[in-house]
Amino acid sequence: MRREGSAGARHDRAEDPLRTEFEFELPRGFVDEAGTVHRSGAMRLATARDELLPLRDIRVRENPAYLSVVLLGRVITRLGTLPSVHDGTVENMFASDLAFLQDFYRQINAEGHTRAAVACPHCEQSFEVELAGSRLGES
């Protein structure tokens, strides 16, 4: 039995495809062996596999804090002109960039978007800011 209106609901979703990759800009940037600074990148949504496989990694078992390094190495799809990004790349990032990427990961995977509700500290007016592609402190 087909319900009235259900085809329209499916049609609306088809026009609004699921966004699976999000652009970002690191606050400091990753410095490669040649001294090139890489700031612009992209991160994809994590899968259950992305979150489960690192739990088998011996480095994660020995040091649970290493989980975010391995996980970010799996979901960052692009960083500047680097040919690939992996956990070795992430472990050599500045701490501020790692913290930024951890927050960015939580934002896109937990809430499904990169907008955050904020309020002006002076006038208390509420508004949204876009986090994707912006640097810390910029809106």
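These notes cover the structure that comes with them.

Procedures and definitions
- Residues numbered from 1 in each chain as written.
- Predicted model: local features only at pLDDT ≥ 70, side-chain atom pairs only at ≥ 80, totals over all residues.
- Heavy atoms only, no water.
- Helix = DSSP H or I, 4+ residues; strand = E, 2+ residues; numbered from the N terminus.
- Phe/Tyr/Trp six-rings, centres within 6.5 Å; stacked < 30°, edge-to-face > 60°.
- Buried < 20%, exposed > 50% of the residue type's maximum accessible area, 1.4 Å probe, protein only.

1. Quick notes on unusual backbone geometry
Next, step 1: The residue Glu 124 is not glycine, and still its phi comes out positive at about 65°.
Next, step 2: Considering the arrangement of structural elements, one finds Glu 124 in the loop between β4 (115-119) and β5 (126-130).

2. Things to note about the packing of aromatic side chains
Next, step 1: The final tally for this structure, using the stated rule, is three aromatic pairs.
Next, step 2: Consider the rings of Phe 24 and Phe 104, whose centres lie 5.7 Å apart with planes at 65°: the pair is edge-to-face. Note that Phe 24 is positioned in strand β1 (residues 21-31) and Phe 104 in helix α6 (residues 95-111), a separation of 80 residues in sequence. With respect to burial, Phe 24 and Phe 104 carry one shared label: buried.
Next, step 3: Taking the centre distance of 6.0 Å and the plane angle of 15° together, the rings of Phe 100 and Phe 104 count as stacked. You can see Phe 100 and its partner Phe 104 sitting in helix α6, four residues apart, about one turn around the helix. Of the two residues, Phe 100 and Phe 104, both sit in the buried class.
Next, step 4: Each member of the aromatic cluster is reached from another via a ring pair, and the members are Phe 24, Phe 100 and Phe 104.

Note that every value here comes from positions in space, so none of it alone points to a role or purpose.
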